[in-house]
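# Overview (structure and organization)
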Amino acid sequence: MSKVEFNKEAGPREVFCGLTSIVWLHRRMPDAFFLVVGSRTCAHLIQSAAGVMIFAEPRFGTAILEEKDLAGLADAHEELDRVVNDLIARRPEIKTLFLVGSCPSEVIKLDLATVAEKLNNKFLGQVRFVNYSGSGIETTFTQGEDGALKALIPLMESSNEEKLLLVGTLANNVEDRFKKIFGNLGISNVESFPPRQSTELPKIGKNTKVLLTQPYLSETVRDLKHRGCEIISAPFPLGIEGSTEWFFAAAKAFKISELKFHEIISPLINRAKLALESHKEILKGKRLFLLPESQLEISLARFLHNECEMDLIEVGTPYLNKELMKEEINLLPDNTKIVEGQHVEKQLDRVRESNPDLVVCGMGLANPLEAEGISTKWSIEMVFSPIHGIDQAADLAGLFSKPLKRNQILTSKTLVTH
Amino acid sequence: MELTLWTYEGPPHVGAMRIASSMKDIHYVLHAPQGDTYADLLFTMIERRGQRPPVTYTTFQARDLGGDTAELVKKNIKEAVERFKPKTLLVGESCTAELIQDQPGALAKGMGFDMPIVNLELPAYSKKENWGASETFYQLTRTLLKEKLSSSEKISPLRWKELGRRPKVNILGPSLLGFRCRDDVIEIQRILSEQGIDTNVVAPLGASPDDIERLIDAEINICLYQEIAEASCEWLKRNFGMEYTNTIPIGIKNTIEFINEVHKKLDLPLTNKEELEHKSKLPWYSKSVDSNYLTGKRVFIFGDGTHAIAAAKIAKEELGFEVVGLGTYSREMARQVRATAKDLNVEALITNNYLEVEDAMKKATPELVLGTQMERHSAKRLGIPCSVISTPMHVQDVPARYSPQMGWEGANVIFDDWVHPLMMGLEEHLIDMFKHDFEFVDGHQSHLGHTATNTKDILNSDEKKERNSKEGIIWTESGRAELTKVPFFVRGKVKTNTEKYAILRGIPEISDETLYDAKAYFS
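Residues numbered from 1 in each chain as written. Chains lettered and ligands numbered in written order. Predicted model: local features only at pLDDT ≥ 70, side-chain atom pairs only at ≥ 80, totals over all residues.

## Focus on the overall build of chain A
- When its secondary structure is counted, chain A shows 17 helices and 14 strands.
- At 22 Å, chain A has a C-alpha radius of gyration in line with the 22 Å of a compact globule built from 418 residues.
- Projecting the C-alpha coordinates of chain A onto the three principal axes gives extents of approximately 70 × 55 × 45 Å.
- Across chain A, every contact between residues at least 6 apart in sequence was considered, and the portion connecting residues at least 24 apart equals 75%. (Helix = DSSP H or I, 4+ residues; strand = E, 2+ residues; numbered from the N terminus. Rg over C-alpha atoms; globule rule 2.2 N^0.38 Å. Contact = placed C-beta atoms within 7 Å.)

Now the structure itself:
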């Protein structure tokens with residue numbers, strides 16, 4: 001393990017809660033509905049984080065707790081039953097309904113598991129009910145996906161069939177690309193979790209080899225292990241290096257020869273390196289500060305340093321699972337400063353003191369930093385864009401080079417005044 | 001429990017943030033979990049603000065709940081005060097913290113600070129954003145003017161005469177995330193100054209706590225947005241005798257009425273009465289012949305109370321439209337909206353459910369929708385032109401150019417913003433009309449895109465439903481062909497009316513003649 005510097009920080013944080021992950025999860029599984037049991041704040045959060053107004057009736061909503069629901073819990077259960085009935089009458093095409101716990105529902109200890117169980121009996125054969133918590137007192141941003149996936153695991157049937165299971169939401173086009181490359185490598189039985197249809201859950205068992213696509217799935221990994229799945233240890237498929245090692249780890253697990261691996265992957269690497277060049281030119285030697293939010297920060301730091309030659313000032317992460325991240329941490333340069341947790345004010349002090357060329361941060365902080373003359377990249381874009389894989393390495397670099405390039409254009413004088 | 005897919009208003013603490021972020025030298029400590037920090041992006045992304053909102057979130061976590069969350073609150077208050085050195089501190093809680101009852105306001109008051117502390121109690125499970133903003137501004141005003149209560153006499157609106165200076169007024173209500181507030185303030189100040197009236201304080205937008213203490217230096221208050229400022233204006237009237245205005249200066253008639261009201265209250269002679277009609281281009285543009293086609297255009301209006309009522313008046317009296325629907329999501333202003341709707345012979349729609357609004361819009365078959373960004377989307381789906389007149393805010397509602405809604409320039413902006421989409425609607429009609437000409441190039445679509453302007457689509461999409469309906473009405477070939485010839489913007493209405501007529505008369509098949517019969521029947 002490289003000698004990285006681990007730090008912990010506590011204080012006021014500036015991050016999204018786990019409910020935000022509904023924004024990409026509901027798009028991944030178009031036959032599912034996400035019903036948050038929470039407050040007007042929860043409803044407002046999701047619609048604001050989604051960034052755009054909704055263009056049609058959305059597949060997520062909030063059962064907003066009102067004063068009378070807080071008075072007695074029995075009522076709250078009945079009320080939720082009523083809301084769910086209305087919803088299913090309105091949206092008969094829904095196959096899976098996620099009951100998503102929130103801060104207020106957790107604090108009043110609303111038992112969503114029991115509600116889900118009752119509803120499962122009532123709507124047997126029509127709709128499945130699953131519950132998990134996306135509350136901000138327990139989860140940060142991407143951890144919401146961890147909760148949602150963990151909640152689905154008990155519904156996955158057992159099978160001893162040998163397969164490669166990609167775990168973590170991927171953009172559909174990236175998923176197709178990965179399956180094609182695995183096919184070329186000779187791994188043909190590849191499935192994804194979450195699947196594109198909530199009802200088409202992959203079967204799992206002792207011959208399931210799990211390859212994580214996202215670094216924020218600690219709980220899901222634990223439960224998959226309990227079901228006998230083997231977890232393939234690898235860095236995450238961000239950038240050429242990470243993706244190559246990721247493919248390599250899978251190839252090794254499936255006993256694909258190194259020769260075959262290089263035959264398939266090398267052309268991809270060469271092409272991707274070529275595409276990366278123009279971004280590297282801009283990013284090289286620039287100093288990077290990553291604020292915590294998505295748990296992708298460590299992988300991004302590894303990519304931006306190793307492949308784009310950026311200098312790392314500080315790598316923030318809301319939560320660090322050293323075991324899950326060990327392959328990534330091994331690839332980081334010595335003396336990388338990792339900070340787990342946040343004191344947003346102190347961290348911003350360090351940002352200003354260190355005078356970075358680029359800060360990766362949440363949307364609440366981006367414009368204020370820009371106004372201070374510091375270029376930024378919003379972290380939420382990382383979870384909405386297809387950035388995984390060798391072929392996407394240049395696109396991933398582009399997310400970071402673009403603000404710098406734009407800054408350069410706007411501050412330079414290229415046309416002479418005639 | 002209320003099923004909500006989308007909401008017009010945020011929770012009340014977001015209203016409090018709007019007040020805090022609008023002002024200077026204020027800090028708001030909000031007892032809230034980490035997810036609530038999303039609210040910062042409303043200001044930094046939608047309003048494009050270059051500063052963070054002056055808010056410290058305690059971001060308590062589940063593991064803190066077993067321990068001492070009150071200590072966490074105090075730690076955050078202490079750090080925020082040391083770091084930001086506010087002149088006034090707001091302390092409150094969001095929905096989750098309300099449940100754990102740490103009473104952060106009381107805790108703050110026990111910490112021995114010199115500065116005024118406003119304890120905000122905003123019930124998150126019954127109230128919404130605008131109420132929260134109003135309550136915060138009211139509590140802040142009360143707290144900062146408390147000391148001046150006993151010593152002060154009632155303020156006469158005529159005091160400026162005794163003091164031998166120009167009359168002074170306060171402009172109350174403009175805030176961040178309010179619709180075009182930034183520019184309305186400039187416009188209103190300009191109008192007042194032309195009349196020889198000085199602005200004492202604008203609040204909350206741009207004001208500091210010191211400015212709030214100076215409110216009583218003015219003679220009267222201008223209540224510019226009732227949703228935010230009415231409670232404060234009422235309190236200032238009750239306690240300091242300060243009169244406040246009721247007219248919202250949106251549209252020509254209301255702007256003139258507003259100027260009259262201000263003059264009357266101040267007992268200031270209005271010298272340029274005749275000039276006022278010519279200050280805006282709206283009256284002439286509306287009168288000029290090419291606006292003839294605006295006559296009787298069917299308009300559906302939905303928004304916050306202030307803007308919806310104003311829009312109804314302008315639509316009816318200044319542009320000659322027919323208002324076919326009026327509604328608001330501002331429950332606090334339901335009474336006024338209902339009264340206006342009654343005058344217009346329509347039923348007011350008071351709801352926070354955008355799907356209900358969309359249904360009402362569909363039924364009213366308008367030719368123009370004036371609504372929020374959500375109604376813009378609904379109208380787009382229905383193929384109806386739309387102009388946005390109200391919050392909730394979208395980044396498009398904070399234009400780079402000067403673009404008020406109030407006063408003379410506001411009326412100009414409104415004329416352009418409402419009439420241009422209609423003209424594009426006409427363009428759409430022309431495209432529809434000429435699409436069979438050989439010169440017509442496929443793909444020449446206007447901004448409304450491929451929506452239900454095509455008769456075939458209307459018929460096809462509804463066909464199944466119709467055939468299955470118990471009346472079993474069927475459109476014959478000749479009926480369909482005739483319907484195609486009807487201009488798209490009234491086609492929906494004609495279709496509904498014809499079917500209504502067919503049901504009424506027990507006619508099972510609609511032919512071209514049925515269309516004409518129905519037309520005669522309903523005319």
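So much for the structure itself; the text now carries on.
## Considering the overall build of chain B
- A tally of regular secondary structure across chain B gives 23 helices and 16 strands.
- Seen through its C-alpha atoms, chain B measures out along the principal axes to roughly 85 × 65 × 45 Å.
- The buried share of chain B, taken over its 523 residues, is 51%. (Buried ≥ 20, exposed ≤ 12 C-beta atoms within 10 Å, placed from the backbone.)

## Remarks on the interface of chain A and chain B
- Taken together, the contact pairs 51 residues of chain A with 49 residues of chain B.
- Secondary structure elements with two or more residues in the side of chain A that touches chain B: α2 (40-49), β3 (60-64), α3 (67-71), α4 (73-90), α5 (103-107) and α15 (363-371) of chain A.
- Pairing of β3(A) with strand β1 (residues 2-4) of chain B involves three bridges; the strand directions are antiparallel. Within β1(B), the residue paired with Ile64(A) across the bridge is Glu2(B). (Pairing = 2+ DSSP bridges.)

## Considering the environment of Arg91(A)
- For Arg91(A), the position within the fold is in the loop between α4 and β4 (96-101).
- For Arg91(A) and Phe33(A), which are 58 residues apart along the polypeptide, the C-alpha to C-alpha distance reads 9.1 Å.

## Details of unusual backbone geometry
- The omega torsion across Phe193(A) and Pro194(A) is 5°, close enough to zero to call that bond cis.
- Here Pro194(A) lies in the loop between β7 (190-193) and β8 (208-212).
- Residue Pro204(B) is reached from Ala203(B) by a cis peptide bond, and omega for that bond is 0°.
- Mapped onto the elements of the fold, Pro204(B) is located in the loop between β7 (198-203) and α10 (209-213).
- Of note in the backbone geometry, Asp267(B) takes a positive phi value of approximately 55° without being a glycine.
- When you line up the elements, Asp267(B) lands in the loop between α12 (252-266) and α13 (273-276).
- A tally of 13 C-beta atoms within 10 Å means that Asp267(B) is categorised as partly exposed.

## Some details on helix α7 (residues 143-152) of chain A
Residue and element names in this part refer to chain A.
- Along α7, nine of the 10 residues are buried, which leaves the element largely enclosed by surrounding structure.
- Along α7, the residues that are buried comprise Gln143, Gly144, Glu145, Asp146, Gly147, Ala148, Leu149, Ala151 and Leu152.
- Each element contacted by the buried residues of α7 is listed here: α1 (22-28), β4, β5 (128-133), β7 and α9 (218-226).

## Observations regarding the environment of Lys273(A)
- If you trace the backbone, Lys273(A) turns up in helix α11 (residues 258-283).
- C-alpha of Lys273(A) to C-alpha of Glu307(A): the two residues are 34 residues apart in sequence and 9.0 Å apart in space.

## Things to note about the packing of α11(A) against helix α17 (residues 393-411) of chain A
Residue and element names in this part refer to chain A.
- Where α11 contacts α17, the axes come no closer than 9 Å and their chain directions differ by 20°. Considering their axes alone, α11 and α17 lie roughly parallel with respect to each other. Seen from above, α11 lies across α17 with left-handed handedness. Facing Ala272, Ala275, Leu276, His279, Lys280, Ile282 and Leu283 of α11, the residues of α17 in contact are Ala393, Ala394, Ala397, Gly398, Phe400, Ser401, Leu404 and Lys405.
- Each residue belonging to the contact of α11 with α17 can be placed in one class, and the counts come to 10 nonpolar, three polar and two charged. (Axes fitted to C-alpha atoms, helices over the stretch in contact; angles between N-to-C directions. Parallel < 35°, antiparallel > 145°, perpendicular 65-115°, else oblique. Left-handed = near helix turned anticlockwise from the far one by under 90°. Nonpolar A, V, L, I, M, F, W, Y, C, P; charged D, E, K, R; others polar.)

## A short note on the confidence of the model for chain B
Residue and element names in this part refer to chain B.
- Per-chain confidence: chain B averages 90 in pLDDT, with 90% of residues scoring 70 or above.
- Long-range and interchain partners of residues 441-447, a stretch whose pLDDT sits below 50, account for seven contacts in this model, where long-range means more than four residues apart.
- For residues 449-456, every residue scores under 50 in pLDDT, and the model assigns this stretch 17 contacts once sequence neighbours within four places are set aside.
- Note on the complex model: pTM 0.90, ipTM 0.95. (pLDDT = per-residue confidence, 0-100.)

## Concerning the sheet that holds strand β10 (residues 298-303) of chain B
Residue and element names in this part refer to chain B.
- Strands sit in the order β12-β11-β10-β13-β14 across an open sheet of five strands; the sheet is parallel. Looking along the sheet, the strands with just one partner apiece sit at the ends: β12 (348-350) and β14 (386-388). This sheet shows a mean twist of 15° between the axes of neighbouring strands, independent of strand direction.
- Inspection of the sheet shows β10 paired to strand β11 (residues 322-328) by six bridges, in the parallel sense. Residue pairing across strands places Gly303 opposite Thr328, the latter belonging to β11.
- This element, helix α15 (residues 305-318), spans β10, β11 and β13 (368-371) of the sheet and lies at about 165° to β10.
- Helix α17 (residues 354-364) contacts β10, β11, β12 and β13 of the sheet and is inclined by roughly 170° relative to β11.

## Quick word on the pairing of strand β2 (residues 32-38) of chain A
Residue and element names in this part refer to chain A.
- Burial analysis of β2 places seven of its seven residues in the buried class, which makes it a mostly covered element.
- Residues Ala32, Phe34, Val36 and Gly38 point to one face of β2 and Phe33, Leu35 and Val37 to the other, with burial holding for every one of them.
- Bridge analysis of β2 against β4 gives six bridges, and the strand direction is parallel. Bridged to Leu35 within β4 is Leu99.
- Here β2 pairs with β3 via five bridges, running parallel. Within the sheet, the bridge partner assigned to Val36 lies in β3 and is Thr62.

## Observations concerning the sheet that holds strand β4 (residues 88-93) of chain B
Residue and element names in this part refer to chain B.
- The four strands lie next to each other as β3-β2-β4-β5, forming an open sheet whose pairing is parallel. In this open sheet, the two edge strands, each paired with only one partner strand, are β3 (55-57) and β5 (117-119). Neighbour-to-neighbour, the strand axes of the sheet open up by a mean angle of 20°, direction not taken into account.
- Here helix α1 (residues 12-22) sits on the sheet in contact with β2 (26-31), β3 and β4, set at roughly 160° to β2.

## Here's the deal with the pairing of strand β6 (residues 163-167) of chain A
All names here are of chain A.
- With respect to burial, β6 is a largely interior element, five of its five residues being buried.
- Bridge count for β6 against β8 is five bridges, and the pairing is parallel. Its bridge partner being in β8, Leu165 is matched across the sheet by Val210.
- Judged from the four bridges that link them, β6 and β7 form a sheet pairing that is parallel. The residue bridging Leu166 from the neighbouring strand is Ser192, located in β7.

## Structural notes on the packing of helix α8 (residues 172-185) of chain A against α11(A)
Residue and element names in this part refer to chain A.
- For the pair α8 and α11, interaxial distance at closest approach is 9 Å and the crossing angle is 140°. α8 and α11 meet at a crossing whose hand is right-handed. Side by side, α8 and α11 meet where Ile181, Asn184 and Leu185 of the first sit next to Lys260, Phe261 and Ile264 of the second.
- For the contact of α8 with α11, a count of residues per class yields four nonpolar, one polar and one charged.

## Considerations on α15(A)
- Counting buried positions along α15(A) gives seven out of nine residues, so the element sits mostly inside the fold.
- Of all the positions in α15(A), only Met363(A), Gly364(A), Leu365(A), Ala366(A), Asn367(A), Pro368(A) and Leu369(A) are classed as buried.
- The inward-facing, buried residues of α15(A) contact β13 (358-361), β14 (376-378) and α16 (380-384) of chain A together with α2 (40-46) of chain B.
- Where α15(A) terminates, the next one or two residues include Gly373(A), which has phi positive at roughly 90°.

## Re the nonpolar core
- Phe34(A), Leu35(A), Phe98(A), Leu99(A), Val100(A) and Ile301(B) are the most contacted members of the largest nonpolar core, which has 259 residues in total.
- Residue contributions to this core peak at eight residues, all from helix α19 (residues 407-434) of chain B.
- With sequence-adjacent residues up to four places away left out, Val100(A) is seen in contact with Leu19(A), Ile22(A), Phe34(A), Leu35(A), Val36(A), Val37(A), Tyr132(A) and Gly134(A). (Core = buried A, V, L, I, M, F, W, Y, C linked by C-beta atoms within 7 Å.)

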